[in-house]
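An overview of the molecular structure
This is what each chain is made of:
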Amino acid sequence: MSLKSQMLKSTLISVFAFMLVVLIVLIPRDLNMRIEGYIVVADPAFKWSQFTENVYQFFSNAIASGSLGPSRYQGQSAEAAAFEAVGMSLLVIVSALFLGLVFGVLKGVADYKLSKTKFSVFGNWTTWLFQSMPDFFLMLVIQWYLVKHVPFIRYFAVEGWEAFVIPALLVSIYPVVYIARITSSSLAAQEGKLYIMLAKAKGLRDRVIVFKHMLLNGIGLILTHLPGLLVYILSNLFIVELYRNYPGASWRLVQALDFNAYVGTGPGYEPGIIIYICFSFMVLFLLVQWISHMARRFLGPQ
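The notes below deal with the structure included here. Only a predicted model underlies this, so the values are computations on that prediction, with no experimental measurement involved. (Residues numbered from 1 in each chain as written. Predicted model: local features only at pLDDT ≥ 70, side-chain atom pairs only at ≥ 80, totals over all residues. Heavy atoms only, no water.)

Section: helix α6 (residues 161-189)
The condition that has to hold: By definition, any uninterrupted DSSP run of H or I lasting at least four residues is a helix, any uninterrupted run of E lasting at least two residues is a strand, and each is numbered from the N terminus. Helix span is expected to be 1.5 Å times the residue number reduced by one. Bend, at a single residue, is the angle you get between axes fitted to the 7 residues ending at that residue and the 7 residues starting at it.
The end-to-end C-alpha distance of α6, which contains 29 residues, comes to 41 Å, matching closely the 42 Å that a straight helix rising 1.5 Å per residue would cover. Of all the bends in α6, the greatest, near 35°, is centred on Ile-173, and the proline Pro-175 appears no more than four residues after it.

A few points about the pattern of salt bridges
Going by this rule: For this document, the term salt bridge refers to a Lys or Arg side-chain nitrogen within 4 Å of an Asp or Glu carboxyl oxygen. Any residue under 20% of the maximum accessible area for its type is buried, any over 50% is exposed, and the rest in between are partly exposed; the area is computed with a 1.4 Å probe on protein chains only.
Across all of its chains, the model carries three salt bridges by this definition. Note that Glu-270 and Arg-72 form a salt bridge whose closest N and O atoms lie 3.2 Å from each other. Placement of Glu-270 in the loop between β4 (264-265) and α11 (271-298) and of Arg-72 in the loop between α2 (48-65) and α3 (78-114) is noted, with a sequence separation of 198 residues between them. The partner of Glu-270 in a salt bridge is Arg-252, with the nearest N and O atoms 2.9 Å apart. Pair noted here: Glu-270 is in the loop between β4 and α11 and Arg-252 is in helix α10 (residues 249-257), with a separation of 18 residues, a long-range link. For Glu-270, a relative accessible area of 4% corresponds to the buried category. Judged by its relative accessible area of 4%, Arg-252 falls in the buried class.

What to know about a nonpolar patch on the surface
This is how it is decided: Nonpolar side chains (Val, Leu, Ile, Met, Phe, Trp, Tyr) within 5 Å and like charges within 9 Å form the patches, drawn only from residues with over 30% relative accessible area and no salt bridge. Surface accessibility in these figures is a Shrake-Rupley result with a 1.4 Å probe; residues are shielded only by whichever protein chains are displayed.
A surface patch of nonpolar side chains, amounting to about 860 Å² of accessible area, comprises Phe-136, Phe-137, Leu-140, Val-141, Trp-144, Tyr-145, Val-147, Phe-156 and Tyr-243. Looking at the nonpolar patch, the element that brings in the most residues is helix α5 (residues 135-149), giving seven residues. Within the secondary structure, Val-141 is located in helix α5.

Concerning a positive patch on the surface
Put simply, the rule reads: Charged residues are defined narrowly, with Lys and Arg counted positive, Asp and Glu counted negative, and His plus the chain ends left uncounted. Here the site of a charge means atom NZ of a Lys, CZ of an Arg, CG of an Asp or CD of a Glu.
A cluster of basic residues, Lys-113, Lys-200, Arg-205 and Arg-207, forms a positive patch on the protein surface. Of note, Arg-207 is situated in helix α8 (residues 206-223). Looking at Arg-207, the relative accessible area reads 64%, which means it is exposed.

Digging into α5
Note the cut-off: As used here, the arc is the angular range of directions from the helix axis to the C-beta atoms. Any pair of residues with heavy atoms lying within 4.5 Å of one another is described as a contacting pair.
For α5, built from 15 residues, the straight-helix expectation of 21 Å at 1.5 Å per residue is met to within 8% by its first-to-last C-alpha distance of 21 Å. For α5, the complete set of buried residues consists of Asp-135, Leu-138, Met-139, Gln-143 and Leu-146. The buried residues of α5 occupy one face: seen down the axis, they fall within an arc of 125°. Tucked inside the fold, the buried residues of α5 contact α4 (124-132), α6 and α9 (226-244).

This is how it looks when you write it as structure tokens:
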């Protein structure tokens, strides 16, 4: 399949998935309340006519007013609130992507080099240990430890360097070990190849061979895993934002859902914010997929 076909396929799938999300967001959420004996029973009152009316009214109002509607805060539109929250999350996401790639590659190289020595327990074994733990569990344990045993760090700070640096570092932990495993496997798979043997025959140092030849040939494989890396980042971001009350997209999305265990969706439901945030994540994931496709096409083994 050509590069254009792959990118077009990814775009169509993303747009289709986003349209499904929009339709789900606009499903009527009214409840029929009744009393049966001493129990209050709530049944969803779904009607296709009301559903189509919701969709029509939402897009009619959006086109007429040029807005996705109001937010729960007076004087602030849904897109303004969502744009601010997405911007806060993008700072963490981009930082985590950078940290995950840079330190993940370095950790992968270290794992590969240590695997040939008696200190291999500090290489692949540590990567395997961290990756074998569920990411949400690892996030919760690290956050609990920082709050409980590192008092000089203002973990819940909303200003200063802690407000941004701590979420970025926490979210990048699992991506680092994820990229490290891929990098180490890519380097190990190249052992014994002719160009490696030729480089060694020329007397090149191991460091030059690893970084100039082996790592360069494996960079395409590493970049093809960017979509999976982004999934890990977004899932960890959700946990970190909720636990820290970091005002990012995941935190704002939970607010917009206004879910209550007793009555379901509450009166503070904000469909415009949900749609805007989901659209932003769709565009981000689509861009990462395009980069992955181009890496597979242009940065393959040379």
